[in-house]
Amino acid sequence: MTASASTAKPLTVRGLAKQYVSADGRVVDALLPTDLDIAPGEFLVVVGPSGCGKSTLLNILAGLTTPSAGEARVGDVLVQGPDIDRGMVFQDYALFPWLDVLGNVEFGLERMGMPRRERRETAMRYLAMVGLADFADKRPRELSGGMKQRVAIARAYATDPSIIFMDEPFGALDALTRRHLQHELLDIWQRHRKTVVFITHSVVEAIYLADRIVLMTARPGRIKSVIPVKLAHPRDATSDDFRSIERQVYRDLDEELAKSFRMEGHAASAAPAAD
Amino acid sequence: MTDAHALAGRKPRSFAGRLRSRLARLLPYLYAAIGVVAVWWAVVLVFKPHMSLLPSPWLTAQTFVQLIANGELPRDAAYSVCRVLAAWVLSALIAVPLGFAMGRWQRLERVLDPVVELFRPISPLAWIPLAILWFGIDEGGKIFVIFIGTFFPILLNTIAGTKSIDPVLIRAGRILGCTDDASLFRKVVLPASLPQVIVGLRISFGTGWASIIAAELVAARSGLGYLISNGMEVLRSDFVLVGMVTIGALGVLFDGVFRWVDARYNWIGE
């Protein structure tokens, strides 16, 4: 695979916050003002409990949600909406079921105005990248979950964005497929050197993939700590270095989990009929 | 689903194979027709009803051939089909865009939904008197009745199809370059809801076909409904039966066309 045309750009987050009004009229802080600098080509993994605002953060960065305050910039460009320069891989694949595999990968290329023949060649190249060139004329429903997510990865890379967001992309896969796709993704990332912002629940997955881990806390969502992972790839989950980072992440995480469960318990005893 | 599973289970591709599976699908219709004719004939042989009440299948078949030969049946069938087609196309032109709009914009749906629910239970037949008063006994009145009969199935299915689109597909579309409403509609909303829209178009053609006959029974000088009501007035029950059989046969035929279209454009699966 040749090097990508678009160079990775830094992602700068300044004071980014999101509030929303809940059904009963209360103002909820989904994300407290957040600062974050993501280096070009970095593999950043965001870990945190459910409801910690990590998906909110990702959706704002992707331009699918507008922030209540603050801003995010890719290079010099302010994020103001979705842009073909920022790709995304969703947990439930989000393949278009009425298109075949090739059509799915071509979708963004067509929107960019790429001529048919070039589009086809480009899409086939990226399908080959994820090992699915032989499945170009299959419908998504004919594929397994792991194959669907590989198509989605090919689709996200095909438009050659400078940054790719991944929202728990392997969350719905079985453990073996997940491990295989982690290998594959690392391989693709090392060859293309695109900035990747990756969300997961899995601490092991985070340490396996990340240059840096951003640990977020729930209610309200904010960044608790940033943990660099300076281990060479491929990483061995049984090594002492890996384990020590794991301990560090869990220490921070457990603190927060205990806090959030205490809050839930408190809320439950205050209003036993709720929920 | 495993990878092996994904590769298996394809339909037979050869021409002979397809022909055989198509014939196999037609067989139940053939059995049904043979059964109905057998019972009919048995009733005629046992009870020997007067010809004006129930003619034999053989006599009815002769009348059928005769009405085709003198051009009366093709003319009546063509009238009925054209009326249904005209009203159905008119319905689709209004109900499909309206359905997309109501499915997409909640505020519009909140306003219009009570109106739809109020008018929906009123049978198209109940509109016949007003249709005649407003549009006369010519084509206008009949087309109006069919319009009522075809409108709601199209509208409701289009709304349902639009609302049932997985939101993640909309987000994927926006991420992949559909940044304005028009392109998002064309590339995501329309193909995603198309199967359900086709279901609505198919159902509504059926209801339209059923209501044209009713409209023609009341006030018409042409059409299959007229053939039937006229047959009753001149005591020719063979005319009535020919009209009924033709309605059934054409109904099955049109439904077959829709099934074919559906199979071509439905991405939901076999």
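Residues numbered from 1 in each chain as written. Chains lettered and ligands numbered in written order. Predicted model: local features only at pLDDT ≥ 70, side-chain atom pairs only at ≥ 80, totals over all residues.

Trainee: I tried to follow the overall build of chain A on my own but got confused; where do I start?
Mentor: Looking only at helices and strands, chain A has seven helices and 10 strands in total. Its C-alpha atoms give chain A a radius of gyration of 19 Å, near enough to 19 Å, the size a compact globule of 275 residues would have. In terms of overall dimensions, chain A has a C-alpha envelope of 65 × 45 × 40 Å along the principal axes. Residues counted as buried form 42% of the 275 residues belonging to chain A. Partitioning the contacts of chain A with sequence separation of at least 6, the portion at a separation of at least 24 is 70%. (Helix = DSSP H or I, 4+ residues; strand = E, 2+ residues; numbered from the N terminus. Rg over C-alpha atoms; globule rule 2.2 N^0.38 Å. Buried ≥ 20, exposed ≤ 12 C-beta atoms within 10 Å, placed from the backbone. Contact = placed C-beta atoms within 7 Å.)

Trainee: Please explain the nonpolar core as it appears in this structure.
Mentor: Buried together is how nonpolar side chains tend to be arranged in soluble globular proteins. Judged by nonpolar contacts, the single largest core of 85 residues is most densely connected at Leu44, Val45, Leu61, Ala154 and Val197 of chain A. Among the elements that make up this core, the one with the highest residue count is helix H4 (residues 145-158) of chain A (eight residues). Those residues in contact with Val197 of chain A that sit more than four places away from it in its chain are Ile38, Leu44, Val46, Leu58, Leu61, Ile163 and Phe165 of chain A. Within the second largest apolar cluster, 40 residues are counted, among which are Ile128, Val145, Val197 and Leu224 of chain B. (Core = buried A, V, L, I, M, F, W, Y, C linked by C-beta atoms within 7 Å.)

Trainee: Mind showing me how you'd approach helix H11 (residues 237-265) of chain B here?
Mentor: The periodicity of an α-helix, 3.6 residues per turn, causes residues three or four positions apart to be oriented the same way. Residue and element names in this part refer to chain B. An ideal rise of 1.5 Å per residue puts 42 Å on 29 residues; H11 measures up with 42 Å between its terminal C-alpha atoms. Buried within H11 are the following residues: Ser237, Asp238, Phe239, Leu241, Val242, Gly243, Thr246 and Ile247. Summarising the contacts, the buried residues of H11 are in contact with helix H3 (57-69), helix H4 (72-104), helix H9 (181-218) and helix H10 (224-233). (Expected span 1.5 Å × (residues − 1).)

Trainee: What should I look at first to understand the interface of chain B and chain A in this one?
Mentor: Many structure descriptions define interface size as the accessible area lost when the parts assemble. Facing 18 residues of chain B, the contacting portion of chain A comprises 23 residues. Counting only elements with at least two residues in the side of chain B that touches chain A, the list comes to helix H1 (3-7), helix H8 (167-175) and H9 of chain B. If one sorts the elements of the side of chain B that touches chain A by residue count, H8 of chain B sits on top with six residues. Partitioning the side of chain B that touches chain A into residue classes produces 11 nonpolar, four polar and three charged. (Nonpolar A, V, L, I, M, F, W, Y, C, P; charged D, E, K, R; others polar.)

Trainee: Looking at this model, I keep getting lost on the sheet that holds strand S5 (residues 77-78) of chain A. Mind explaining?
Mentor: Residues and elements named next belong to chain A. Spatial ordering of the open sheet is given by S2-S1-S4-S5, a layout of four strands whose pairing is antiparallel. Lying at the two open borders of the sheet, with one neighbouring strand each, are strand S2 (27-38) and S5. Two elements, strand S1 (residues 11-21) and strand S4 (residues 69-74), share five bridges in a ladder whose sense is antiparallel. By the bridge assignment, Arg14 is partnered in S4 with Glu71. (Pairing = 2+ DSSP bridges.)

Trainee: Explain the packing of H10 of chain B against H11 of chain B to me, please; I cannot follow it from the model alone.
Mentor: Angle between the axes and distance between the axes: these two values describe a pair of packed helices. Residue and element names in this part refer to chain B. It is the contact of H10 with H11, at a shortest axis distance of 7 Å, that shows an interaxial angle of 160°. Between H10 and H11, the angle falls in the class roughly antiparallel. The hand of the H10/H11 crossing is left-handed. Where H10 abuts H11, its residues Leu224, Leu227, Ile228, Asn230, Gly231 and Met232 lie against Ser237, Phe239, Val240, Gly243, Met244, Thr246 and Ile247. In terms of residue class, the contact of H10 with H11 is made up of eight nonpolar, five polar and no charged. (Axes fitted to C-alpha atoms, helices over the stretch in contact; angles between N-to-C directions. Parallel < 35°, antiparallel > 145°, perpendicular 65-115°, else oblique. Left-handed = near helix turned anticlockwise from the far one by under 90°.)

Trainee: Would you mind going over the domain arrangement of chain B with me for this structure?
Mentor: Considered domain by domain, chain B is made up of domain 1 (10-48) and domain 2 (55-265). Taking the mean C-alpha position of each, domain 1 of chain B and domain 2 of chain B sit 27 Å from one another. (Domains from an automatic or database assignment.)

Trainee: Looking at this structure, how should I read helix H2 (residues 15-47) of chain B?
Mentor: Residue and element names in this part refer to chain B. Its 33 residues give H2 an end-to-end C-alpha distance of 48 Å, which sits within 8% of 48 Å, the value for a rise of 1.5 Å per residue. Of all bends in H2, the biggest is about 30°, found at Leu26, and the proline Pro28 comes one to four residues later. By the criterion of burial, H2 is predominantly exposed, with just zero of the 33 residues buried. Where H2 terminates, the next one or two residues include Lys48, which has phi positive at roughly 45°. (Bend = angle between axes of the 7 residues up to and from the residue.)

Trainee: Can you walk me through the environment of Trp40 of chain B in this structure?
Mentor: Residue placement: Trp40 of chain B occurs in helix H2. Sequence separation between Trp40 of chain B and Leu190 of chain B is 150 residues; the distance between their C-alpha atoms is 48 Å.

Trainee: Would you mind showing me how to read the environment of Gly243 of chain B here?
Mentor: All names here are of chain B. Looking at where Gly243 falls in the secondary structure, it is placed in helix H11. Residue classification places Gly243 among the buried positions, given that 28 C-beta atoms sit within 10 Å. For the pair Gly243 and Gly223, spaced 20 residues apart in sequence, the C-alpha to C-alpha distance is 9.2 Å.

Trainee: Can you help me understand the packing of helix H2 (residues 101-111) of chain A against H4 of chain A in this one?
Mentor: Residues and elements named next belong to chain A. The N-to-C vectors of H2 and H4 enclose an angle of 25°; their axes lie 8 Å apart at closest approach. Put simply, H2 runs roughly parallel to H4. As H2 packs across H4, the resulting crossing turns out to be right-handed. Contacts from Val101, Asn104, Val105, Phe107, Gly108 and Leu109 in H2 reach Val151, Ala154, Arg155 and Ala158 in H4. A breakdown of the residues in the contact of H2 with H4 according to their chemical character gives seven nonpolar, two polar and one charged.

Trainee: In this structure, what is going on with the sheet that holds strand S9 (residues 212-217) of chain A? I would like to understand it.
Mentor: Sheet strands pair by backbone hydrogen bonding; their relative direction is either parallel or antiparallel. Residue and element names in this part refer to chain A. Spatially, the six strands line up as an open sheet ordered S6-S7-S8-S3-S9-S10, and their pairing is mixed. Strands at the two margins of the open sheet, each flanked by one partner only, are strand S6 (86-89) and strand S10 (222-228). Direction aside, the axes of adjacent strands within the sheet are offset by 20° on average. As paired elements, S6 and strand S7 (residues 163-167) share four bridges and run parallel to each other. Bridged to Gly87 within S7 is Ile164.

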